[in-house]
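# Structure at a glance
This is what each chain is made of:
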Amino acid sequence: YSGSESAYREALTVKSKEEYPKQQLSKIKDKLAAIAAANAASAQQAKELAEKEARYNAIVGKADQMFNDDNFAGAKAGYKDALTVFPDKSYPANQIAEIDSKLAAFAAAAAAKAKSEAEAAAKENEYNAAVQKGDAALEGKDYPKAKLAYQEALGVFSDRPYPTRQLEKIADLELEAKKAEEEKARLAQMAIENKVEFDKEVAAGDVLFNKGDWE
């Protein structure tokens, strides 16, 4: 357009009243104005785009930092903000999906841990109840009931030493009780035998006494 404008102006120096160069110069003026306006609009768009890019990068940068610090809630909010600037960007959406996956895995792990802890607590309570029942029965010298309780405790935790020691203690007590019963029976039998012998000797003595056999 610059070269055309120069040529049309030169033409007018030859024939200043000719309309055609004037018309063409007017068209060139309009075109140059349109180009200037388009360039201005393009520059404004480029400026706005650069500002959006800067804002997007700043938001994503902060979100990435929070993501690296395991602040997943904050990071997710940041990536969502980034999508309000550029909805078609794939990176924030991918990061949000990864965060959701991590949070789901954390939730599953926490649930599994809670379940495991609850099961362990239930087993501990069951074990303690069995041991307490065994101790009470042992205190009351109800050895069969005590043995059943301690065996129940070992069924919950087979590696706990206390029920095993208590069962060994009961075995010793039962052995002592058996020996005591046997000794009691032996003494009772001996007493019977002694009574029989005593009565026999007294009867013989009475016969001799009545006969006057004083010696």
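Residues numbered from 1 in each chain as written. Predicted model: local features only at pLDDT ≥ 70, side-chain atom pairs only at ≥ 80, totals over all residues. Heavy atoms only, no water.

### A closer look at the overall build of the protein
To keep it simple, the criterion reads: In this text, helices come from DSSP runs of H or I with a minimum length of four residues, and strands from runs of E with a minimum of two, each type numbered from the N-terminal end. When we talk radius of gyration, it's over C-alpha atoms, and the globule rule is simply 2.2 Å times the number of residues to the 0.38. Burial here depends on accessible area, computed with a 1.4 Å probe over protein chains only, as a share of the maximum for the residue type. Under 20% is buried, over 50% is exposed, and the range in between is partly exposed.
Looking only at helices and strands, the protein has 6 helices and 0 strands in total. Its helices and strands taken in sequence order, the protein reads α-α-α-α-α-α from the N to the C terminus. Whereas a compact globule of 215 residues would reach a radius of gyration of roughly 17 Å, the protein reaches 55 Å, over 25% beyond that. Considering only C-alpha atoms, the protein reaches an extent of 195 × 20 × 15 Å along its principal axes. Burial status across the protein gives 18% buried among its 215 residues.

### Points about the pattern of salt bridges
Put simply, the test is: Note on definitions: salt bridges are taken to be side-chain nitrogens of Lys or Arg within 4 Å of carboxyl oxygens of Asp or Glu.
Under the counting rule described, the total for this entry stands at 7 salt bridges. Here Lys133 and Glu152 are joined by a salt bridge, their closest N and O atoms 3.2 Å apart. Within this pair, whereas Lys133 is found in helix H4 (residues 90-139), its partner Glu152 is found in helix H5 (residues 143-156), the two being separated by 19 residues in sequence. Note that Glu174 and Lys147 form a salt bridge whose closest N and O atoms lie 3.2 Å from each other. In this pair, Glu174 is assigned in helix H6 (residues 161-211) and Lys147 in helix H5, connecting sequence segments 27 residues apart. Assessed through its relative accessible area of 27%, Lys147 is described here as partly exposed.

### A look at the side chain of Gln95
Which entries qualify depends on this criterion: The term polar contact refers here to a pair of N or O atoms within 3.5 Å; inside protein, the definition further demands a hydrogen-donor-capable atom paired with an acceptor-capable atom, and it admits residues adjacent in sequence only when both atoms are side-chain atoms. The criterion used for residue contact is that any of the two residues' heavy atoms lie within 4.5 Å.
By the element assignment, Gln95 lies in helix H4. A polar contact of 3.2 Å, which involves the side chain of Gln95, links it to the side chain of Tyr79. If sequence neighbours within four positions are ignored, Gln95 has contacts with Asp64, Phe67 and Tyr79.

### Section: the packing of aromatic side chains
Put simply, the rule is: Note on ring pairs: Phe, Tyr and Trp rings are taken, using the six-membered ring of Trp, and paired if centres are within 6.5 Å. Classes follow the plane angle, with under 30 degrees stacked, over 60 edge-to-face and the rest tilted.
Using the criterion set out here, one finds 8 aromatic pairs in the structure. Ring centres of Tyr8 and Tyr20 lie 6.1 Å apart, and the angle between their planes is 85°; this geometry places the pair in the edge-to-face category. Pair noted here: Tyr8 is in helix H1 (residues 2-14) and Tyr20 is in helix H2 (residues 19-68), with a separation of 12 residues, a long-range link. Seen from their ring centres, Phe209 and Trp214 are 5.0 Å apart, and the 80° between their planes marks the pair as edge-to-face.

### Quick notes on H4
Put simply, the rule reads: Given the number of residues in a helix, its expected span is that number minus one, multiplied by 1.5 Å.
The end-to-end C-alpha distance of H4, which contains 50 residues, comes to 73 Å, matching closely the 74 Å that a straight helix rising 1.5 Å per residue would cover. Taken together, the buried positions of H4 are Pro92, Gln95, Ile96, Ile99, Tyr127, Ala130, Val131, Gly134, Ala137 and Leu138. Lining the buried residues of H4 we find H2, helix H3 (72-85), H5 and H6.

### Focus: a nonpolar patch on the surface
Basically, it comes down to this: Nonpolar side chains (Val, Leu, Ile, Met, Phe, Trp, Tyr) are joined into patches within 5 Å and like charges within 9 Å, using only residues with over 30% relative accessible area and no salt bridge. We get accessible surface area from the Shrake-Rupley algorithm with a probe of 1.4 Å; when it comes to residues, only the shown protein chains can shield them.
There is a patch of nonpolar side chains on the surface, built from Tyr1, Leu32 and Ile35 and spanning about 270 Å² of accessible area. Within the fold, Ile35 resides in helix H2.

### What to know about the packing of H4 against H5
In a packed pair of helices, the relevant descriptors are the angle between the two axes and the axis-to-axis distance. The test is simple: The axes are straight lines fitted to the C-alpha atoms, using for helices just the contacting stretch, and the angles between their N-to-C directions are given from 0 to 180°. Throughout, the term roughly parallel applies to angles under 35 degrees, roughly antiparallel to angles over 145, roughly perpendicular to angles from 65 to 115, and oblique to all others. We call a crossing left-handed when the near helix sits turned anticlockwise from the far one by less than a right angle, and right-handed when that turn is clockwise. Residues are grouped as follows: Ala, Val, Leu, Ile, Met, Phe, Trp, Tyr, Cys and Pro are nonpolar; Asp, Glu, Lys and Arg are charged; every other residue, Gly included, is polar.
Look at H4 against H5: their axes get within 8 Å of each other, and the N-to-C directions meet at 160°. It follows that H4 is roughly antiparallel to H5 by the angle criterion. The way H4 lies across H5 gives a crossing that is left-handed. Contacts from Lys123, Glu126, Tyr127, Ala130, Val131, Lys133, Gly134, Asp135, Ala137 and Leu138 in H4 reach Tyr143, Lys145, Ala146, Ala149, Tyr150, Glu152, Ala153 and Val156 in H5. Counted by class, the contact of H4 with H5 contains 11 nonpolar, 1 polar and 6 charged residues.

### Comments concerning the packing of H4 against H6
In the contact formed by H4 and H6, the axes pass within 11 Å of each other and the chain directions differ by 20°. Comparing the axis directions of H4 and H6 gives the class roughly parallel. In this structure, H4 meets H6 at a crossing whose hand is left-handed. Contacts between H4 and H6 involve Tyr127, Val131, Asp135 and Leu138 from the former and Tyr162, Pro163, Gln166, Lys169, Ile170 and Leu173 from the latter. Its residues assigned to classes, the contact of H4 with H6 shows 7 nonpolar, 1 polar and 2 charged.

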